[in-house]
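The lines below spell out each chain.
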Amino acid sequence: MTNKCRLRIAREDFDVVTRHLYPGDLDEHGAVLLAGMSSADGQITLHVREVHIAREGTDYIEGKIGYRALTPKFIHRLITRARDEKLVYLAAHNHGSDLEVAFSGIDLDSHERGYPALLQIAKGVPVGGMVFGRRSIQVDLWLPSGHRLGLDEAVVVGNTIHRLTPSPRWHVINTVDTHDRQLRMFGQVGQAELARCRVGIIGLGGIGSLLAEYLGRLGVGHFCLVDNDRVEKSNLSRIVGASPADAASSTTKVIVAQRLIHQANANAQVQLITDDVAKESVAKALTSCDYLFLAADSMRARLVVNAIIHQYLIPGVQLGSKIRSDSTGALAEVMSVNRPIRPGRGCLLCNQLIDATQLAKEAKSDEERKAQAYGVEEPNPSVISLNAVSAAHAVNDFLLDYLCLRPEASQLYYEHFHFLKGTRSMVEPRKDKECSECSHGGLRYGRGDAVGLPCIEG
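Residues numbered from 1 in each chain as written. Predicted model: local features only at pLDDT ≥ 70, side-chain atom pairs only at ≥ 80, totals over all residues. Heavy atoms only, no water.

(A) View of the overall build of the protein chain. Along its length, the protein chain carries 12 helices and 18 strands. Relative to the 2.2 N^0.38 estimate, which gives 23 Å for 458 residues, the radius of gyration of the protein chain is 24 Å and therefore close to what a compact globule would have. Principal-axis analysis of the C-alpha atoms gives the protein chain an extent of 80 × 55 × 40 Å. Evaluated residue by residue, the protein chain yields a buried proportion of 53% over its 458 residues. (Helix = DSSP H or I, 4+ residues; strand = E, 2+ residues; numbered from the N terminus. Rg over C-alpha atoms; globule rule 2.2 N^0.38 Å. Buried < 20%, exposed > 50% of the residue type's maximum accessible area, 1.4 Å probe, protein only.)

Written out as structure tokens, the structure is:
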């Protein structure tokens, strides 16, 4: 285990906290954040689920030792809620600093006095404190084991992805001619962030292989590739990097993608998973990613990845292309889609993009489908140029948003390309306030490891 943790918070919640902490009066203010927790590869991550503002003079009052303090009544209400909901309790306040922030000696003394008792009340759930600068955050997390963790980074997940640290992080990278032209766009700091980034690509067929190519050449440093399929002769027209020899030897699609990535970046670390994303062990491997690309076309993959995004507050996107003919055989629709998903927004379930009937069909074997008159699924049409439109737009969005190269937008949109009509439409996703997946009060949002994913065993 490292001696630092990470924190993820949706942009909407972050804005609520910072507006309260910095109303323009140059004073100190307080709040409590309740967060789910997860652990992957020895790294603890906190996922903010609830924000509770401390009212001035009622919940946040003049302190007996320090300047200000949360009232015992406010603390007790929220520490017991944290215990009952199995959420981490984080007491937050602000300092007047900007790019660097740290707890004062008085802050740390108050933690020593109060947090052992809070740990007893929490009954196995960590507790801690947060201090905000205007563009910085620090955490003092107390684990039931007795260990204490500081903060590595806090990730604010909106349309764009902001990273806040306790103090400025100096990036040292080996600048090579390979990335010279793109360094002129986003600089060495941006290139270093890409080298640190871990992306998950689910589905390494027509779209996924293009994603691997693009992201590998951009210099993304860490990949988790998930696909249990192999190259066939019929794949060669659309899988980038696949050869007749791969089809003859039934090479796995993830091996082809790994080869593509290493041709561009020999130092990239690539985890290969030749299994179903719906298996629990596979889905859990994706929870350590910084960004998810869903390029598989099954409903089960949509269900699982959508759940990961909202449960672990990881940004992602669902990609695809569609070719449909009418009853006469004439083309009725030719389109590509790029559907960004963020915690609490763009939910595939809210937008009826996860079909329960199709889920049930996918859970059956070919024999069961035949016996129940479903029939064996015919492969969907696929054309590499349509796939390229979807992949290129998704990677451009990833680059601009992950590196904060464009302003935070107030609204998230799905992007649909209709090629027969020659149009591009920006679709505002629907939002169900009672959604079990993406709403703050639902089963899943920000829970981390506390609830299971909708997976099959394994």
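(B) Structural view of the confidence of the model for the protein chain. On average, residues of the protein chain carry a pLDDT of 93, and 95% of them reach 70 or more. Segment residues 372-376 is flagged for pLDDT under 50; beyond a separation of four residues in sequence, or across chains, it makes 8 contacts in the model. (pLDDT = per-residue confidence, 0-100. Contact = heavy atoms within 4.5 Å.)

(C) Quick look at helix α2 (residues 72-85). The first and last C-alpha atoms of α2 sit 20 Å apart over 14 residues, in line with the 20 Å expected at 1.5 Å per residue. Turning to α2, its buried residues are Phe74, Leu78, Ile79, Thr80 and Ala82. Check the buried side of α2 and you find it contacts β2 (30-40), β3 (43-53), β5 (68-70), β6 (88-94), α3 (105-122) and β7 (127-133). Positive backbone phi, approximately 60°, marks Lys86, located one or two places after α2. (Expected span 1.5 Å × (residues − 1).)

(D) Geometry of the sheet that holds strand β17 (residues 414-418). Read across the sheet, 8 strands follow the order β13-β12-β11-β14-β15-β16-β17-β18 without closing on themselves; strand pairing throughout is mixed. Only two strands of the sheet have a single neighbouring strand rather than two, namely β13 (269-273) and β18 (423-427). Neighbouring strand axes in the sheet, compared pairwise and without regard to direction, differ in orientation by 15° on average. In terms of strand pairing, strand β14 (residues 291-294) meets strand β15 (residues 316-325) through 3 bridges, oriented parallel. By the bridge assignment, Leu294 is partnered in β15 with Gln318. On top of the sheet, helix α5 (residues 206-218) reaches β11 (198-202), β12 (222-226), β14 and β15; it is set at about 160° to β11, its chief contact. (Pairing = 2+ DSSP bridges. Axes fitted to C-alpha atoms, helices over the stretch in contact; angles between N-to-C directions.)

(E) How the structure looks around helix α7 (residues 253-264). With 12 residues, α7 should cover 16 Å at 1.5 Å per step; its first-to-last C-alpha distance of 17 Å lies within 8% of that length. Every buried residue of α7 is accounted for by Lys253, Val254, Val256, Ala257, Leu260, Ile261 and Ala264. Down the axis, α7 shows its buried residues gathered within 160° of arc, on one side only. Of the surrounding elements, those touching the buried residues of α7 are α5, β12, α6 (244-248) and β13. (Arc of directions from axis to C-beta.)

(F) Region of interest: the nonpolar core. Tyr89 and Leu141 are the most contacted members of the largest nonpolar core, which has 46 residues in total. Excluding residues within four positions of it along the chain, Leu141 makes contact with Cys5, Ile44, Leu46, Val88, Leu90, Pro126, Val127, Gly128, His147, Arg148 and Leu149. With 37 residues, the next largest nonpolar core counts Ile161, Leu194, Ala257 and Leu319 among its residues. (Core = buried A, V, L, I, M, F, W, Y, C linked by side-chain atoms within 4.5 Å.)

(G) Geometry of the layout of surface pockets. The calculated volume of the second largest pocket comes to roughly 900 Å³. As for the second largest pocket, its lining consists of 30 residues, of which Arg68, Ala69, Leu70, Ser110 and Arg113 are closest to the centre. Listed by contribution, the elements that provide at least two residues to the lining of the second largest pocket are β4 (60-62), β5, α2, β6 and α3. Per-element tally for the lining of the second largest pocket: the top contributor is α3, with 9 residues. For the lining of the second largest pocket, a count of residues per class yields 15 nonpolar, 9 polar and 6 charged. (1 Å grid on protein atoms, 1.4 Å probe; cavity = no way out; pocket = protein on both sides within 12 Å on 5 of 7 lines; lining within 4 Å. Points joined across faces, edges and corners; volume = space filled by probe spheres on them. Nonpolar A, V, L, I, M, F, W, Y, C, P; charged D, E, K, R; others polar.)

(H) Focus on the packing of α5 against α7. Closest axis-to-axis distance for the α5/α7 pair is 8 Å, and the angle between their directions is 20°. Here α7 runs roughly parallel to α5, going by the angle between their axes. Note on packing geometry: the crossing formed by α5 with α7 is right-handed. Contacts between α5 and α7 pair Ser209, Ala212, Glu213, Gly216 and Arg217 from the former with Ala257, Leu260, Ile261 and Ala264 from the latter. For the contact of α5 with α7, a count of residues per class yields 5 nonpolar, 2 polar and 2 charged. (Parallel < 35°, antiparallel > 145°, perpendicular 65-115°, else oblique. Left-handed = near helix turned anticlockwise from the far one by under 90°.)

(I) Representation of the pattern of salt bridges within the structure. The final tally for this structure, using the stated rule, is 32 salt bridges. Across the pair Arg55 and Asp59 runs a salt bridge whose closest N-O atoms are separated by 2.9 Å. Exposure remark for Arg55: the relative accessible area of 51% places this residue in the exposed category. Note that Arg324 is salt-bridged to Glu333, the shortest N-O span being 3.6 Å. (Salt bridge = Lys/Arg side-chain N within 4 Å of Asp/Glu carboxyl O.)

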